[in-house]
Amino acid sequence: MRKIFRFFLSTVVCFTLISVLVHEGAAQVVLNEFLADPARDWDGDGLANFRDDEWVEIMNAGDAAVDITGYLLADGVGEPVWRYAFSGFLQPGETFVVFGSESRAWEEANGFPMYGLSLNNSGDRVALYRIAAQETLLVDSFEYGDREADDDRSVGRLVEVHGQWAVFDAYNPCSGRCDPPGNGCLPTPGSGNSCLTGISCESWGTIKSVYR
Ligand SMILES: [Ca+2]
Ligand SMILES: [Ca+2]
Ligand SMILES: [Ca+2]
């Protein structure tokens, strides 16, 4: 009887461990930063365009490379409307940014209406999905409001691993009116969310105390 109990217990522990590992593996890739209302030429094509210069950045927050084939971006609530499909590998700590112009090109190539990332300036939801074994899984999402989507304000994680969110508002200060609050830092499409500004960065401990 005791042997059966031990076998049962070890099976449960093993199953739980595998579940945790699978869950953590699925959560390795996260939404890291996005900009919904561009007022400048973010994609570098020489033109400032409301659609093509929007961008969304993802990051591998885990400690192993991830094949991001099968990961897709969507916006809005309800049934996902696909805006971009990733491919290739993302190394630990590596970011990948998708501009509206790339999203539009993907939509055109795949027969979708060419709306780009379609991040609404009055508030919207950005979502990252993964399709695996014919299952559509929500990996990460973030809902933002009107103020967070004003000209050239990005919304991003404060630290690169499971960070809280902040508005990177160096180009267009929130003056205490954003939720999450502005941090005075520049948006960082395609790189980790370091505070690129002349203003000295607070320590992580200080930042945490602000958000409690
Ligand atoms: Ca927009
Ligand atoms: Ca542009
Ligand atoms: Ca960034």
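Attention in this report is confined to the structure presented alongside it. Residue indices follow the written sequence of each chain, beginning from 1 at its first position. Each chain takes a letter, starting from A, and each ligand takes a number, starting from 1, following the order in which they are written. Local features in a predicted model are, by the rule used here, given only for residues with pLDDT of at least 70; side-chain atom pairs are given and counted only at 80 or more, and totals for whole chains, interfaces and linings are based on all residues. Excluding hydrogens and water, the side-chain figures rest on all heavy atoms present in the structure.

Thoughts on the sheet that holds strand β5 (residues 81-85)
One key point about sheets: their strands pair by backbone hydrogen bonds, in either a parallel or an antiparallel sense.
Step number 1: Pairing between strands requires that DSSP locate at least two bridges from one strand to the other. The helix and strand labels rest on DSSP assignments: H or I over at least four residues marks a helix, E over at least two residues marks a strand, and numbering proceeds from the N terminus. Judged by pairing direction, the sheet is antiparallel, and its four strands sit side by side in the order β5-β4-β8-β9 without closing on themselves. Edge positions in the sheet fall to β5 and β9 (135-144), since each has one partner strand and no second. In this sheet, neighbouring strand axes are inclined to one another by 30 degrees on average, regardless of whether the strands run parallel or antiparallel.
Step number 2: Here five bridges tie strand β4 (residues 71-75) to strand β8 (residues 124-132), and the two strands are oriented antiparallel to one another. Paired with L73 across the strands is L128, a residue of β8. Axis definition: a line fitted to C-alpha atoms, limited for helices to the stretch in contact. Angles are taken between N-to-C directions and run from 0 to 180 degrees.

Quick word on the environment of T197
Step number 1: As for its position among the elements, T197 is in the loop between β11 (165-168) and α3 (204-211).
Step number 2: Along the chain, T197 and A170 lie 27 residues apart, while their C-alpha atoms are 7.5 Å from each other.
Step number 3: The contact rule is simple, with two residues in contact once any of their heavy atoms fall within 4.5 Å. With residues up to four places along the chain from it excluded, the contact list for T197 reads G184 and C185.

Concerning the coordination of the calcium ion (ligand 3)
Step number 1: Only nitrogen, oxygen and sulfur atoms within 2.8 Å of the metal, or 3.2 Å for Na, K and Ca, are treated as donors, and water is left out, so sites may look incomplete. Protein ligation of the calcium ion (ligand 3) involves E33 (OE), E57 (OE), E57 (OE), T188 (O), T188 (OG1), S191 (O) and N193 (OD1), the donor distances falling in the range 2.3 to 2.5 Å.
Step number 2: In this structure N193 comes out as buried when scored by relative accessible area, which is 6%. Only protein chains enter the accessibility calculation, which uses a 1.4 Å probe; a residue is then buried when its area is under 20% of its type maximum, exposed when over 50%, and partly exposed in between.

Observations regarding the state of the cysteines
Step number 1: We call a pair of cysteine sulfur atoms a disulfide whenever their separation is within 2.5 Å. By the definition in use, this model includes two disulfides.
Step number 2: Here C174 connects covalently by a disulfide to C178, the sulfurs 2.0 Å from one another. Linking C174 and C178, the disulfide has an S-S dihedral of approximately -75 degrees and is accordingly described as left-handed.
Step number 3: Each sulfur of the disulfide joining C185 and C195 lies 2.1 Å from the other. Classification of the bridge connecting C185 and C195 rests on its S-S torsion, roughly -90 degrees, and on that basis the disulfide is left-handed. Of this pair, C185 sits in the loop between β11 and α3 while C195 sits in the loop between β11 and α3; the two residues are 10 residues apart in sequence, bridging distant segments of the chain.
Step number 4: According to the relative accessible area criterion, C185 is buried, its value standing at 4%.

A closer look at the coordination of the calcium ion (ligand 2)
Step number 1: In the first shell of the calcium ion (ligand 2), the protein supplies D41 (OD), D43 (OD), D45 (OD), L47 (O), D53 (OD) and D53 (OD), at 2.2 to 2.5 Å from the metal.
Step number 2: Site description for the calcium ion (ligand 2): donor spacing in sequence, D-x1-D-x1-D-x1-L-x5-D.
Step number 3: What makes D41 partly exposed here is its relative accessible area of 29%.

Overview of the nonpolar core
Taken as a class, soluble globular proteins show a tendency for nonpolar side chains to be buried jointly.
Step number 1: Residue types Ala, Val, Leu, Ile, Met, Phe, Trp, Tyr and Cys, when buried and joined through side-chain atoms within 4.5 Å, form a set referred to as a nonpolar core. F34, L73 and F86 are the most contacted members of the largest nonpolar core, which totals 32 residues.
Step number 2: Secondary-structure elements contributing two or more residues to this core are β1 (29-35), β2 (55-60), β4, β5, β8, β9 and β11.
Step number 3: Formed by five residues, the second largest nonpolar core is a distinct cluster that contains W42, W55, V97 and F99.

A look at unusual backbone geometry
Step number 1: For the bond running from D179 to P180, omega is 10 degrees, close enough to zero to count as cis.
Step number 2: Positive phi is not limited to glycine here, since A133 has a value of about 50 degrees.
Step number 3: With respect to the element layout, A133 can be found in the loop between β8 and β9.
Step number 4: The exposure class assigned to A133 is exposed, which follows from its relative accessible area of 77%.
Step number 5: The phi dihedral of D152 is positive, around 55 degrees, even though this residue is not glycine.

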